[in-house]
Amino acid sequence: MKKRVLLRVLAGLVCLTFIVGSALAWYYLKGPGYYAEINAVRERLEDIPGVEILELDCVEDITIEHISGRINIAGKGEVTLFNLSEDSFRHSESIRLRSIGPYDLRVESEGYVGVYESATGNPVRSEFYGGDADIGPAGEFASLFPFEIATVQAVVARYDDILRIIAAWPVESNKAHFKDRTGTDYYYYVETRNVQQDAPSNGG
């Protein structure tokens with residue numbers, strides 16, 4: 001009798017575990033939890049005064065990844081940011097800027113970035129290309145900005161200062177260069193687009 005009760009209890013626990021597991025899997029993989037991160041990013045952007053979301057995109061895999069946002073700042077202009085998360089609005093060591101105003105950022109690099117010789121396992125110096133620059137506190141381009149940029153709010157507040165610095169970047173025919181502490185070479189420049197800039201506010 002006790003054995004039969006024990007079996008029923010075990011069967012009930014297995015059934016309950018399956019139901020709870022299925023519910024959690026649905027929540028995070030298909031239900032509201034799947035979109036929790038991108039929804040949180042949208043809400044944080046909407047909380048910033050003067051910011052209009054023009055586009056919010058992501059890569060959908062097992063989870064939402066690589067959230068990017070194109071926004072317009074009232075009285076200023078457009079900004080596109082990559083790899084957004086909730087931390088991007090609190091304090092993040094990485095703030096990836098894709099474009100600001102009429103400027104698209106372009107970065108070409110050469111260094112030891114995780115490529116190895118299959119036969120020996122020795123690291124190989126390789127080239128890579130990117131359409132954004134990490135201007136966050138730990139980013140490769142942090143030293144080009146005389147102020148810290150650790151949040152999206154800082155990007156919005158410092159729009160004019162960031163734009164002024166990016167506007168001084170050369171075009172592709174005359175790339176600028178620096179070498180980081182790991183020996184990686186960075187070549188950077190901008191491409192320009194016909195982006196509508198808002199009329200500057202009375203505050204500047």
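Residues numbered from 1 in each chain as written. Predicted model: local features only at pLDDT ≥ 70, side-chain atom pairs only at ≥ 80, totals over all residues. Heavy atoms only, no water.

Colleague: Describe the overall build of the protein chain, with residues and values.
Modeller: Tallying secondary structure elements over the protein chain gives four helices and nine strands in all. When the accessible surface of the protein chain is totalled, it reaches about 12,300 Å², and 54% of it is carbon and sulfur. (Helix = DSSP H or I, 4+ residues; strand = E, 2+ residues; numbered from the N terminus. Areas by Shrake-Rupley, 256 points an atom, 1.4 Å probe, with all protein chains shown as cover.)

Colleague: I'd like a description of helix α2 (residues 36-47), backed by residues and values.
Modeller: With 12 residues, α2 extends 16 Å between its outermost C-alpha atoms, agreeing within 8% with the 16 Å of an ideal straight helix rising 1.5 Å per residue. Residues of α2 that are buried: Ile-38, Ala-40, Val-41 and Leu-45. An end-on view of α2 places all buried positions within 155° of arc, on one side of the element. Exposed side of α2, more than 90 degrees from the buried face: Glu-46 and Asp-47 are the residues found there. (Expected span 1.5 Å × (residues − 1). Buried < 20%, exposed > 50% of the residue type's maximum accessible area, 1.4 Å probe, protein only. Arc of directions from axis to C-beta.)

Colleague: Residue-level account of the environment of Tyr-116, with values.
Modeller: Position of Tyr-116 relative to the elements: it lies in the loop between β5 (103-111) and β6 (126-130). Exposure remark for Tyr-116: the relative accessible area of 54% places this residue in the exposed category. Considering only alpha carbons, one finds Tyr-116 and Ser-126, 10 residues apart in sequence, at a separation of 9.4 Å. The residues touching Tyr-116, leaving out its near neighbours within four places in the chain, are Gly-121, Asn-122, Pro-123 and Val-124. (Contact = heavy atoms within 4.5 Å.)

Colleague: Quick rundown of the nonpolar core? Include the residues and the values.
Modeller: Judged by nonpolar contacts, the single largest core of 41 residues is most densely connected at Val-79, Leu-97, Phe-141, Ile-149, Ile-162, Ile-166 and Trp-169. Considering each element in turn, this core owes the most residues, five residues, to helix α4 (residues 159-167). The contact partners of Phe-141, leaving out residues within four places of it in the chain, are Val-107, Ala-133, Asp-134, Ile-135, Trp-169, Phe-178, Tyr-186 and Tyr-188. (Core = buried A, V, L, I, M, F, W, Y, C linked by side-chain atoms within 4.5 Å.)

Colleague: Can you break down a nonpolar patch on the surface residue by residue, with the values?
Modeller: Together, Val-113, Val-115 and Phe-128 line one region of the surface with nonpolar side chains, adding up to about 210 Å² of accessible area. The topology assignment puts Val-115 in the loop between β5 and β6. For Val-115, a relative accessible area of 37% corresponds to the partly exposed category. (Patch = residues over 30% accessible without salt bridge, like charges linked within 9 Å, V, L, I, M, F, W, Y side chains within 5 Å. Salt bridge = Lys/Arg side-chain N within 4 Å of Asp/Glu carboxyl O.)

Colleague: Mind laying out the environment of Phe-82, listing which residues take part and the relevant values?
Modeller: With respect to the secondary-structure elements, Phe-82 resides in strand β3 (residues 77-84). The sequence separation of Phe-82 and Asp-134 amounts to 52 residues, and the corresponding C-alpha distance is 9.3 Å.

Colleague: For unusual backbone geometry, give the residues involved together with the corresponding values.
Modeller: Look at Asn-83: it is not a glycine, yet its phi comes out positive at around 55°. By secondary structure assignment, the location of Asn-83 is in strand β3. On the accessibility criterion, Asn-83 (40% relative accessible area) is partly exposed.

Colleague: Give a detailed account of the side chain of Thr-184, specifying residues and quantitative values.
Modeller: Topologically, Thr-184 is positioned in the loop between β8 (176-179) and β9 (185-192). Within the local environment of Thr-184, its side chain forms a polar contact with the side chain of Thr-182, the two groups lying 3.1 Å apart. Beyond its immediate stretch of four places on either side in the chain, Thr-184 contacts Ser-109, Glu-110, Gly-111, Tyr-112, Phe-128, Phe-178 and Lys-179. (Polar contact = N/O pair within 3.5 Å; in protein donor to acceptor, adjacent residues only side chain to side chain.)

Colleague: Outline α4, listing residues and values.
Modeller: Among the residues of α4, those classed as buried are Tyr-159, Ile-162, Leu-163, Ile-165 and Ile-166. Considered in projection along α4, the buried side chains sweep an arc of 165° and stay on one side of the axis.

Colleague: How would you summarise the packing of aromatic side chains if you had to cite specific residues and measurements?
Modeller: This model, assessed by the stated rule, comprises eight aromatic pairs. In this structure an aromatic cluster arises from ring pairing among Phe-141, Trp-169, Phe-178, Tyr-186 and Tyr-188. Across from the ring centre of Phe-147, 4.2 Å away, lies the NZ or CZ of Arg-158, which sits over that ring. (Phe/Tyr/Trp six-rings, centres within 6.5 Å; stacked < 30°, edge-to-face > 60°. Lys NZ or Arg CZ within 6 Å of the ring centre and 35° of its normal.)

Colleague: Please set out the pairing of strand β4 (residues 96-100) residue by residue, giving values where relevant.
Modeller: Burial within β4 is extensive, with four of its five residues counted as buried. Two strands pair when backbone bridges link them, and β3 and β4 are joined in this way by four bridges, in the antiparallel orientation. Residue Leu-81 lies in a different strand from β4, and its bridge partner there is Leu-97. As paired elements, β4 and strand β7 (residues 133-134) share two bridges and run antiparallel to each other. Within β7, the residue paired with Arg-96 across the bridge is Asp-134. Direction of pairing for β4 relative to β5: antiparallel, over a ladder of two bridges. Note that in β5 the partner of Ser-99 across the bridge is Asp-104. (Pairing = 2+ DSSP bridges.)

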